[in-house]
Amino acid sequence: MGKAQPLDAHVMTKSGWKTMGEMTVGEELASVDGKKSKVVGVYPQGKKQIYRVSFSDGRSTETTGDHLWSVMYRTWDKPKILTTDGVAEMLKRKRYHKRLWIEMFKGDFGHDQKLPIKPWLLGMLIGDGDLNHLRLSTASDSVLAKTKKELGVGYEIHHAGGYDYRIVRPGQTKNPIRESLRELKLWGKHSHDKFIPQLYLEASRADRIAILQGLLDADGWVEKHGTVRFSSSSKLLAEHVVTLARSIGAWATIKPKQTHYTYLGLRKAGRPSYVVNINHQEPQLLFSVSEKVSRANATSRRKKPTFSSIEPTRIAEAQCIAVSHPSNLYVTDDFVVTHNTAFSLGLAHSIALKAQEPVLIFSLEMSKEQLVDRMLATESGVDAWALRTGNLTDSDFEKIGHAMGALSEAQIFIDDTPGITVSDLRTKARREAHVRPLGLIIVDYLQLMSGGSRFAGDGNRVQEISAISRGLKGIARELNVPLIALSQLSRSVESRTPQIPQLQDLRESGSIEQDADVVAFLYREDYYNPESERKNIMDIFIKKHRNGPTGAVELYFDREKQQFRSLDTKHSDPFS
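It should be emphasised that the depicted structure is a prediction, and the values quoted were computed from it without experimental measurement.

Asks: Looking at this structure, how should I read the packing of aromatic side chains?
Replies: Centre distance and the angle of the planes are the two values used to describe a pair of aromatic rings. This structure, assessed with the given rule, holds 7 aromatic pairs. Note on tyrosine 73 and tyrosine 96: the rings are 5.0 Å apart at their centroids and 65° apart in plane angle, and the pair reads as edge-to-face. A residue pair is termed long-range when its members are at least 10 positions apart, and tyrosine 73 in the loop between β6 (68–72) and β7 (80–83) and tyrosine 96 in the loop between α1 (84–91) and β8 (101–102) qualify at 23 residues. Each of the two residues, tyrosine 73 as well as tyrosine 96, counts as buried. When the centroid spacing of 5.9 Å and the interplanar angle of 20° are considered together, the rings of phenylalanine 105 and phenylalanine 109 count as stacked.

Asks: Looking at this structure, how should I read the pattern of salt bridges?
Replies: Two side chains that carry opposite charge are able to pair once their charged atoms sit near each other. Following the criterion strictly, the structure yields 17 salt bridges and no others. Note that glutamate 27 and lysine 18 form a salt bridge whose closest N and O atoms lie 3.1 Å from each other. Taking the shortest distance from any N to any O, the salt bridge between aspartate 57 and arginine 59 comes out at 2.8 Å. Residue aspartate 57 shares its accessibility class with arginine 59, and that shared class is buried. Taken together, the shared-partner salt bridges in this structure form one network comprising Asp8, Arg52, Glu62 and Arg314.

Asks: What exactly am I supposed to notice about the sheet that holds strand β24 (residues 440–444) here?
Replies: Backbone-to-backbone hydrogen bonds pair the strands of a sheet. The strands run either parallel or antiparallel. An order of β23-β22-β24-β25 is seen for the 4 strands of this open sheet, with the pairing classed as parallel. Of all the strands in the sheet, the pair left with one neighbour each is β23 (412–415) and β25 (483–485). Strand-to-strand twist across the sheet, computed as the mean angle between neighbouring axes with direction ignored, equals 15°. Judged from the 5 bridges that link them, strand β22 (residues 359–363) and β24 form a sheet pairing that is parallel.

Asks: What is the right way to read the sheet that holds strand β13 (residues 220–222) from this model?
Replies: Taking strand neighbours across the sheet as the criterion, the 4 strands line up as β13-β14-β18-β15 in an open arrangement whose pairing is antiparallel. The open sheet has two free edges, formed respectively by β13 and β15 (251–257), since each of these has just one partner strand. Sheet twist, expressed as the mean angle between neighbouring strand axes with direction ignored, is 25°. Sheet analysis places β15 next to strand β18 (residues 273–279), joined by 7 bridges and oriented antiparallel. Bridged to threonine 253 within β18 is asparagine 277. Helix-sheet contacts for helix α6 (residues 205–219) involve β13, β14 (228–232) and β18, and the interaxial angle to β14 is about 80°. Each of β14, β15 and β18 is contacted by helix α7 (residues 235–247), which is oriented at about 165° to β15, the strand it contacts most.

Asks: Which parts of the structure should I look at to understand the pairing of β14?
Replies: Moving residue by residue along a regular strand, the side chains alternate between the two faces of the sheet. Burial along β14 is one-sided: the face carrying Val228, Phe230 and Ser232 is buried and the face carrying Arg229 and Ser231 is not. Bridge count between β13 and β14: 3 bridges; the pairing is antiparallel. Considered in β14, the bridge of tryptophan 221 is made with arginine 229. Linkage of β13 to β14, two consecutive antiparallel strands, is achieved through a turn of 5 residues, within which glycine 226 is found at a positive phi near 105°.

Asks: Would you explain a nonpolar patch on the surface in this entry?
Replies: A cluster of nonpolar side chains, namely Tyr261, Tyr263 and Leu264, defines an oily patch on the protein surface of about 380 Å² accessible area. Among the secondary structure elements, tyrosine 261 is positioned in strand β16 (residues 260–263). Residue classification places tyrosine 261 among the partly exposed positions, given a relative accessible area of 42%.

Asks: What is the right way to read the side chain of glutamine 5 from this model?
Replies: Looking at the element boundaries, glutamine 5 is found in strand β1 (residues 5–6). Glutamine 5 sits in the buried class, given a relative accessible area of 0%. Of note is the side chain of glutamine 5, whose polar atom sits 2.6 Å from the side chain of tyrosine 330. If near-sequence neighbours (up to four positions away) are discounted, glutamine 5 is found in contact with Met20, Thr61, Glu62, Thr63, His67, Glu317, Ala318, Gln319, Tyr330, Thr332 and Asp333.

Asks: Teacher, can you tell me more about unusual backbone geometry here?
Replies: Residues apart from glycine generally show negative phi values, whereas peptide bonds are mostly found in trans. One non-glycine residue, leucine 134, lies in positive phi territory at about 55°. Along the chain, leucine 134 turns up in the loop between β9 (129–130) and β10 (135–137). The class for leucine 134 is buried, based on a relative accessible area of 1%. Even without being a glycine, leucine 264 presents a positive backbone phi close to 55°. Relative to the helices and strands, leucine 264 resides in the loop between β16 and β17 (266–269). Judged by relative accessible area, leucine 264 falls into the exposed class, the value being 72%.

How each quantity is defined
- Residue indices follow the written sequence of each chain, beginning from 1 at its first position.
- Side-chain atom pairs in this predicted model are given and counted only at pLDDT of 80 or more, local residue features only at pLDDT of at least 70, and totals for whole chains, interfaces and linings cover all residues.
- Side-chain calculation: all heavy atoms of the structure are included, whereas hydrogens and water are not.
- Only centres within 6.5 Å qualify two rings of Phe, Tyr or Trp (six-membered ring in Trp) as a pair; their planes then separate them into stacked at under 30 degrees, edge-to-face at over 60, and tilted for everything else.
- Where helices and strands are cited, they refer to DSSP runs of H or I of at least four residues and of E of at least two residues respectively, numbered from the N terminus.
- For each residue, the accessible area found with a 1.4 Å probe, counting protein chains only, is set against the maximum for its type, and the residue is called buried under 20%, exposed over 50%, and partly exposed in between.
- Any carboxyl oxygen of Asp or Glu that lies within 4 Å of a side-chain nitrogen of Lys or Arg is treated as forming a salt bridge with it.
- Between any two strands, pairing holds if DSSP finds at least two bridges.
- Lines fitted to C-alpha atoms define the axes here, with helix axes fitted over just the stretch in contact, and angles between the N-to-C directions of these axes take values from 0 to 180 degrees.
- Between two residues, a contact is recorded if the distance between any of their heavy atoms is within 4.5 Å.
- Patch building starts from residues that exceed 30% relative accessible area and form no salt bridge, then joins like charges within 9 Å and nonpolar side chains (Val, Leu, Ile, Met, Phe, Trp, Tyr) within 5 Å.
- Accessible surface area values rest on a Shrake-Rupley calculation with a 1.4 Å probe, where residue burial reflects the displayed protein chains alone.
- Polar contacts, as counted here, are pairs of nitrogen or oxygen atoms within 3.5 Å of one another; within protein the pair requires one atom able to donate a hydrogen and one able to accept it, and residues that are adjacent in sequence qualify only if both atoms are side-chain atoms.

Okay, here's the thing in structure tokens:
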């Protein structure tokens with residue numbers, strides 16, 4: 001459910017990385033937990049201020065200020081959905097600095113192509129092998145035994161003195177492993193210019209684990225405090241090891257270290273070395289040989305990717321995607337896990353179930369399945385997060401059963417066509433109104449609509465939004481039905497304190513302010529100030545009312561159940 005990223009940001013698909021600009025509806029994505037996920041909507045956002053969001057282990061990505069994140073903090077019992085701007089504000093406070101983190105990626109993606117060299121063997125050769133003479137150097141009997149097993153029939157390992165061993169194929173003029181190394185552009189590489197081929201970096205999770213095990217069995221070690229380390233004189237190889245580690249859910253950093261040597265009694269600087277530090281929930285997963293597995297004990301010092309900085313970088317074209325995964329999460333640059341309308345749904349719920357009037361919802365951001373999940377949470381009173389994750393009790397199932405029965409009788413009609421035009425929306429609304437008189441039309445949200453061929457390539461988004469808002473008002477008058485259109489606000493609302501929306505915040509978005517009969521803004525103080533005493537209080541500010549008074553109304557917002565409730569302001573607290 002992320003709001004927007006620049007078109008050159010990367011998104012992890014089932015087969016590898018693609019740019020945000022390449023995303024199309026139906027694209028299968030890698031997901032945070034291995035469940036199926038695909039793109040269900042693509043929404044261009046125009047030019048936006050872009051921010052570089054960096055994390056404690058060096059990974060980073062670019063997003064807009066209103067992009068959403070699933071954020072965790074040590075005293076929160078569940079993640080909170082915050083914007084980039086919201087996180088930036090929290091980082092200004094010492095209590096949150098380096099203590100807000102995001103979820104780790106489990107790493108379920110990758111192709112199933114046949115690899116020319118078994119991944120563990122290639123990792124071993126890259127880590128401790130001589131790629132000019134097909135040799136390896138090791139003092140471990142376990143490594144030798146596993147190497148022989150990986151080589152298979154037809155290969156032999158001959159001792160070449162000291163800890164060196166040659167890999168040979170007796171009676172054969174060609175060695176397939178040598179030929180495969182040539183195809184992979186690794187043959188002839190020295191220790192300072194080794195790397196991991198892209199074919200292996202984008203392989204299945206099992207193959208990526210195997211090549212990482214080969215590298216760490218060869219050249220990795222475990223510190224007393226549990227951190228796994230790897231060192232190489234090749235910066236590119238060290239970066240690729242970080243990529244492999246992060247791709248399976250590890251926290252990983254890379255730091256340069258200057259080496260020295262003595263020649264003719266003089267101490268001289270050698271090639272720089274690059275040390276990779278890896279912290280994984282299951283450190284034993286990173287090794288395969290017994291002596292290293294036994295040392296890789298799990299530690300309570302679990303490191304997480306915490307937010308370290310958020311800095312403006314550029315103005316660029318941005319795009320939003322909607323995904324089908326229940327958590328709304330997808331994976332972007334450096335394996336960063338990021339997030340992708342509750343009030344309008346509350347209105348639809350009340351109109352359809354209590355007033356028993358038909359409601360037509362045009363959802364341009366969320367799929368119909370996601371909307372139904374939210375309505376189920378509202379009607380049943382079951383925690384929305386528990387409903388998404390399936391962590392339900394027997395009583396929850398009973399409540400959901402009753403809620404499904406009630407919703408099945410409600411006349412709620414959902415159209416989740418992405419980028420719908422005003423003319424298409426009018427046609428569909430007319431068709432429904434011809435069958436039954438509508439009680440309400442909801443459009444979520446206006447800026448994701450298309451102005452049609454008239455504005456194709458024009459680039460004047462303000463005029464396009466003006467045409468859309470006038471078209472929506474025309475539909476409401478023609479069908480004689482209330483029409484609620486959700487809208488984004490300009491960036492100016494974030495630059496003042498308090499951040500209560502004003503009418504001028506709409507003036508950069510076409511003629512919405514002039515066309516609307518009623519303009520209502522939603523504001524939650526604890527969204528901007530988590531320490532506020534007005535927890536879960538939603539203010540509804542009526543800033544324009546063509547046929548009535550303006551003012552403010554307070555509601556209580558139950559986050560877990562996605563419900564809005566009236567506040568009792570007439571009676572004092574009996575327990576005070």
